[in-house]
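# Structure at a glance
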Amino acid sequence: MNCTSGGSIELQATTGESINFYLPFSRVKRLTFSGEGEKALSNGTLLNICENLEIQDAGVFRLGDNVKLNIRQHIIKSAGSEFDGDYAGTEIVLNGSGEQQIDGDFSAEQGFKSLEIDNSAGLTILNSGNDDVEIEDFIMTDGVVRTDDDNSLIIISTGTMT
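Residues numbered from 1 in each chain as written. Predicted model: local features only at pLDDT ≥ 70, side-chain atom pairs only at ≥ 80, totals over all residues. Heavy atoms only, no water.

### Let's talk about the overall build of the protein
Per the secondary structure count, the protein includes zero helices and 18 strands. A compact globule built from 162 residues should have a C-alpha radius of gyration of about 15 Å, and the protein, at 15 Å, falls within 12% of that. Within the span of the protein, comprising 162 residues, buried residues form 47% of the whole. Across the protein, every contact between residues at least 6 apart in sequence was considered, and the portion connecting residues at least 24 apart equals 32%. About 7,500 Å² of surface is accessible on the protein, with carbon and sulfur atoms providing 43% of the total. Across the protein, the mean location of the 10 positive side-chain charges is 9 Å away from that of the 27 negative side-chain charges. (Helix = DSSP H or I, 4+ residues; strand = E, 2+ residues; numbered from the N terminus. Rg over C-alpha atoms; globule rule 2.2 N^0.38 Å. Buried < 20%, exposed > 50% of the residue type's maximum accessible area, 1.4 Å probe, protein only. Contact = heavy atoms within 4.5 Å. Areas by Shrake-Rupley, 256 points an atom, 1.4 Å probe, with all protein chains shown as cover. Lys, Arg positive; Asp, Glu negative; His and termini not counted. Charge placed at Lys NZ, Arg CZ, Asp CG, Glu CD.)

Structure representation (structure tokens):
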């Protein structure tokens, strides 16, 4: 798959299901995880997402060990959905060409293990409520981070910033 054509892929697990997804490609235009079951990306996955990563519904989305996601647009997490990305070697890189956004609550146990910003247009923490984004290891290669009074980017006390 490439970034100039194609649509989105939606991976869904229903209540009571636990599915470990192995994706046989390294590039997808848009990726959505939905359903109320547990969804996980297999250990060692390297995936380039040309547009958005969306986490929907009340289920849990987990990143396995040594998963790297390069995302060119936004990360969107709906209220009630859960994210678990605190595994060894897990990295999320925001490297789009336009301003990128993280929308949703990624705090406490739902924070990021490693987040890199490599985008001169920057990142905006854009949430509808008082939602925070917590990071253990923050890498600022290029860009700026924008927040407001209700939304924060927090590097946890045991984390690093480079």
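### Quick word on the packing of aromatic side chains
All chains considered together, the criterion is met by six aromatic pairs. Aromatic pair Phe106 and Phe112: ring centres 4.8 Å apart, planes at 20°, arrangement stacked. In this structure an aromatic cluster arises from ring pairing among Phe21, Phe33, Phe61, Phe83, Phe106 and Phe112. Here the guanidinium or amino end of Lys77 rests over the ring plane of Phe106, the centre of that ring lying 5.5 Å away. (Phe/Tyr/Trp six-rings, centres within 6.5 Å; stacked < 30°, edge-to-face > 60°. Lys NZ or Arg CZ within 6 Å of the ring centre and 35° of its normal.)

### Here's the deal with the pattern of salt bridges
Applying the stated criterion across every chain, the model contains six salt bridges. Between Arg30 and Glu51 there is a salt bridge, with its nearest N and O atoms 2.4 Å apart. With a gap of 21 residues between them, Arg30 in strand S4 (residues 30-34) and Glu51 in the loop between strand S6 (46-49) and strand S7 (53-55) connect regions that are remote in the sequence. Owing to a relative accessible area of 16%, Glu51 belongs among the buried residues under this scheme. Notably, a salt bridge pairs Arg62 with Glu38, separated by 3.1 Å at the nearest N-O pair. Linking Arg62 in strand S8 (residues 60-63) with Glu38 in strand S5 (residues 38-41), this pair joins segments that are 24 residues apart in sequence. Given the relative accessible area of 22%, Arg62 is considered partly exposed. For Glu38, a relative accessible area of 26% puts it in the partly exposed group. (Salt bridge = Lys/Arg side-chain N within 4 Å of Asp/Glu carboxyl O.)

### Brief notes about the nonpolar core
Within the largest apolar cluster, 31 residues are counted, with the highest numbers of intra-cluster contacts made by Leu31, Leu41, Leu69, Ile92, Ile102, Phe112 and Leu115. The contacts of Phe112, once residues within four sequence positions are left out, are Ile75, Phe83, Gly85, Ile92, Ile102, Phe106, Val133, Glu134, Ile135 and Glu136. (Core = buried A, V, L, I, M, F, W, Y, C linked by side-chain atoms within 4.5 Å.)

### Describing the sheet that holds strand S18 (residues 152-161)
The strands that make up a sheet pair up through hydrogen bonds in the backbone, lying either parallel or antiparallel. Overall, parallel pairing links the seven strands, which are arranged S3-S6-S9-S12-S14-S16-S18 in an open sheet. Of all the strands in the sheet, just strand S3 (27-28) and S18 have a single pairing partner and so form its edges. Pairing geometry for strand S16 (residues 132-142) and S18, over six bridges, is parallel. In the strand pairing of S18, Val133 is matched with Leu153. (Pairing = 2+ DSSP bridges.)

### Some points on the environment of Ala40
Following the sequence through the fold, Ala40 ends up in strand S5. Assessed through its relative accessible area of 13%, Ala40 is described here as buried. The spatial distance from the C-alpha of Ala40 to the C-alpha of Val60 is 8.2 Å, given a sequence separation of 20 residues. Beyond its immediate stretch of four places on either side in the chain, Ala40 contacts Ile19, Asn20, Phe21 and Arg62.

### Details of unusual backbone geometry
The phi dihedral of Asn66 falls on the positive side, at around 55°, and the residue is not glycine. With respect to the helices and strands, Asn66 occurs in the loop between S8 and strand S9 (68-71). For Ala108, which is not glycine, the phi dihedral falls at a positive 55°. Among the secondary structure elements, Ala108 is positioned in the loop between strand S13 (100-103) and strand S14 (112-118).

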